[in-house]
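For reference, the chains in residue letters:
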Amino acid sequence: MEKIVPTKSLASKIDIGINEKDRKAIAKGLSELLADSYSLYLMTHNFHWNVTGPMFNTLHNMFMAQYTEQWAALDLIAERIRALGEPAPATYKEFSKLTSIAEVSGTPKALEMVRYLVKAQEATAKTARKLFSLVDKANDQPTADLLTQRLDIHEKTAWMLRSILED
């Protein structure tokens, strides 16, 4: 067995069993997920602050639980990008280029907020789901696990929000 002796050049080289091309592509996809997740977080927090009407208390509390969970997820996604050796996007400018979620103008009525959030949850789920084939091919179980957890949360949250819109 060859003994590995750390040197300055070896210390910065990533050798985790995923080739550089796949690592970069996965990190790019995760950057898009991070941007969607941040956009969703910001939208949800905005709606938490600005919701009014007869469902105020229910939606205010629901939105708070959702944005709190989303905030924690941002760190997990960004840290996975870093573990793959790439910088995590971290500015509004970068997020606006990478996100698939359109910014909401003005202050919508409560049920319109719910509709926006359903679409944003679904968009974030689609962004996560489109990475699976690459992650599977690269044998990247930590990213697959992260994506599975995010999909579960986004799909469940979208279902709960859609339920509010039922007659």
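Anything mentioned here points back to the structure above.
Residue indices follow the written sequence of each chain, beginning from 1 at its first position. Under the rules for a predicted model, residues below a pLDDT of 70 receive no local features and side-chain atom pairs below 80 are neither given nor counted, while totals for whole chains, interfaces and linings still include all residues. Only hydrogens and water are set aside when side-chain values are computed; all heavy atoms of the structure are taken into account.

**A look at helix α5 (residues 110-129)**
Then comes step 1: Counting from the N terminus, the helices are the DSSP runs of H or I reaching at least four residues and the strands are the DSSP runs of E reaching at least two. Between the first and last residue of a helix there are one fewer steps than residues, each counted as 1.5 Å, and that sum is the expected span. Here α5 is 20 residues long and its end C-alpha atoms lie 29 Å apart, about the 28 Å a rise of 1.5 Å per residue gives.
Then comes step 2: Type-normalised accessible area, obtained with a 1.4 Å probe on protein chains alone, sets the label of each residue: buried when under 20%, exposed when over 50%, and partly exposed for intermediate values. Among the residues of α5, Ala110, Met113, Val114, Leu117, Val118, Ala120, Gln121, Ala123, Thr124, Ala125, Thr127 and Ala128 are the ones counted as buried.

**Section: the pattern of salt bridges**
Then comes step 1: We count a salt bridge whenever a side-chain nitrogen from Lys or Arg sits within 4 Å of a carboxyl oxygen from Asp or Glu. Taken as a whole, this structure holds eleven salt bridges when the rule is applied.
Then comes step 2: When the shortest N-O distance is used, the salt bridge between Glu32 and Lys28 registers 2.8 Å. With Glu32 and Lys28 both in helix α2 (residues 20-50) and four residues apart, this pair spans about one turn of that helix.
Then comes step 3: Across the pair Arg80 and Asp140 runs a salt bridge, and its minimum N-O distance is 2.7 Å. One end of the pair, Arg80, is in helix α3 (residues 56-83); the other, Asp140, is in the loop between α6 (132-137) and α7 (141-164), and 60 residues separate them in sequence. No difference in accessibility class separates Arg80 from Asp140, as the two residues are buried.
Then comes step 4: In this structure, a network of salt bridges that share partners links the residues Glu20, Lys24 and Glu86.

**Observations regarding the environment of Glu69**
Then comes step 1: Residue position: Glu69 is located in helix α3.
Then comes step 2: For Glu69, a relative accessible area of 26% translates into the label partly exposed.
Then comes step 3: Taking C-alpha positions, Glu69 is 9.1 Å from Ile153, a pair spaced 84 residues apart along the chain.
Then comes step 4: Residue contacts follow a heavy-atom distance rule, with two residues in contact if any of their heavy atoms lie within 4.5 Å. Among residues more than four places away in sequence, those in contact with Glu69 are Arg150 and Ile153.

**Some points on the environment of Ile101**
Then comes step 1: Looking at where Ile101 falls in the secondary structure, it is placed in the loop between α4 (92-98) and α5.
Then comes step 2: Taking relative accessible area as the criterion, Ile101 reaches 11% and is therefore assigned buried.
Then comes step 3: Separated by 15 residues in sequence, Ile101 and Tyr116 have C-alpha atoms that sit 9.6 Å apart.

By themselves, these are just geometric observations and shouldn't be taken as functional.
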